[in-house]
Amino acid sequence: ANVNVNDSFGNTAGFNKDDIRFSAGYIYRKQYMLFAGYQASTAQLVYTGNFAETLDYDSDGAFIGAGYRQPLTFGDLSLNAAYSNRTATINSTRLLPGDMQPESDGSGFTIDAALKVPLTALLGFTTSLNYQSFEYSDWRDFYGNPVPLTTPEKLTTLRFGIYASF
């Protein structure tokens, strides 16, 4: 995901976030799903102008979830919810002094709705709406000392794509 924001004072903020996710699960009666996996995320926030700053933010951890799949005449609708525990680190030269690279454990949830529509026997169209909410508040610096920082991570994502079935 990429986002750029400009304000009336000549400052710009750019945000970029990339995720990679691996999961495996079990489907019961072709409708009910249990799954577990691992997700790693990396994000960068770049401020330019009067408040120049680059903030690197990484998080990773395991998740477990459940879902429901409803067959439709033209495809499948699925609803999923997952809970995750993660570890996050922040690297910032302006907001945090010296060589600190704070670390925190956090938890949160993800919910999503997805629609898959087959186009051919092998290819199909997919779209999904995803909301995730995580919070990290028990930050520690490189030496294990507390850092007074709370970091909420709340993202809503709308995705469109093509999938292949083999």
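The rules behind these values
- For every chain, the first residue of its written sequence is number 1, and the numbers climb from 1 along that sequence.
- Given that the model is predicted, a residue must reach a pLDDT of at least 70 before its local features are reported, and side-chain atom pairs must reach 80 or more before they are shown or counted; all residues, however, enter totals for whole chains, interfaces and linings.
- Remark: hydrogens and water are excluded; side-chain values derive from all non-hydrogen atoms of the structure.
- Counting from the N terminus, the helices are the DSSP runs of H or I reaching at least four residues and the strands are the DSSP runs of E reaching at least two.
- Partly exposed describes any residue whose relative accessible area lies between the buried limit of under 20% and the exposed limit of over 50%, with all areas from a 1.4 Å probe on protein chains only and scaled to the type maximum.
- Contact criterion: two residues are considered in contact whenever any of their non-hydrogen atoms come within 4.5 Å of each other.
- Per-residue accessibility takes into account occlusion by the displayed protein chains alone, with areas from the Shrake-Rupley method and a 1.4 Å probe.
- We count a salt bridge whenever a side-chain nitrogen from Lys or Arg sits within 4 Å of a carboxyl oxygen from Asp or Glu.
- Grouping buried Ala, Val, Leu, Ile, Met, Phe, Trp, Tyr and Cys residues that are joined through side-chain atoms within 4.5 Å yields what is termed a nonpolar core.
- pLDDT runs from 0 to 100 and stands for how confident the predictor is about each residue.

Caption draft 1: Representation of the overall build of the chain. Of regular secondary structure, the chain possesses 0 helices and 8 strands. For the chain, the succession of helices and strands along the chain, N to C, is β-β-β-β-β-β-β-β. By residue count, 31% of the 166 residues in the chain fall in the buried class. A sequence separation of at least 24 residues applies to 57% of the contacts in the chain between residues at least 6 apart. Of the roughly 10600 Å² of accessible surface on the chain, a fraction of 62% belongs to carbon and sulfur atoms.

Caption draft 2: Highlighting the pattern of salt bridges. Within the structure shown, the criterion is met by 4 salt bridges. For Arg69, the salt bridge is made with Asp76, and the minimal N-O distance between the two is 3.2 Å. Arg69 sits in the partly exposed class, given a relative accessible area of 25%. Of the charged contacts in the structure, one is a salt bridge between Glu153 and Arg86, with a shortest N-O distance of 3.5 Å. Of this pair, Glu153 sits in strand β8 (residues 151–164) while Arg86 sits in strand β5 (residues 75–92), and the two are 67 residues apart along the sequence. Its relative accessible area of 6% is what places Glu153 among the buried residues. Accessibility expressed as a relative area gives 3% for Arg86, which makes it buried. Among the charged side chains, a salt-bridge network with shared partners connects Lys17, Asp19, Arg86 and Glu153.

Caption draft 3: How the structure looks around unusual backbone geometry. Positive phi is not limited to glycine here, since Arg29 has a value of about 55°. For Arg29, a relative accessible area of 63% puts it in the exposed group. Unlike most non-glycine residues, Lys30 shows phi in positive territory, near 60°. Relative to the assigned elements, Lys30 resides in the loop between β2 (12–28) and β3 (32–48). When its relative accessible area of 65% is taken as the criterion, Lys30 is described as exposed.

Caption draft 4: Fine view of the nonpolar core. The biggest cluster of nonpolar side chains holds 10 residues, and these are Ala43, Leu45, Leu55, Tyr57, Ala88, Ile90, Phe134, Tyr136, Trp139 and Val147. Among the secondary structure elements, those contributing two or more residues to this core are β3, β4 (53–72), β5 and β7 (123–136). When near neighbours in sequence (up to four residues on either side) are disregarded, Ala88 contacts Tyr57, Asp58, Ser59, Pro102, Glu103, Ser104, Tyr136 and Trp139.

Caption draft 5: Seen up close, the confidence of the model for the chain. Here the chain averages 85 in pLDDT, and 90% of its residues register 70 or above. Averaged pLDDT values over the elements of the chain bottom out at 64 in strand β1 (residues 2–6) and peak at 93 in β7.

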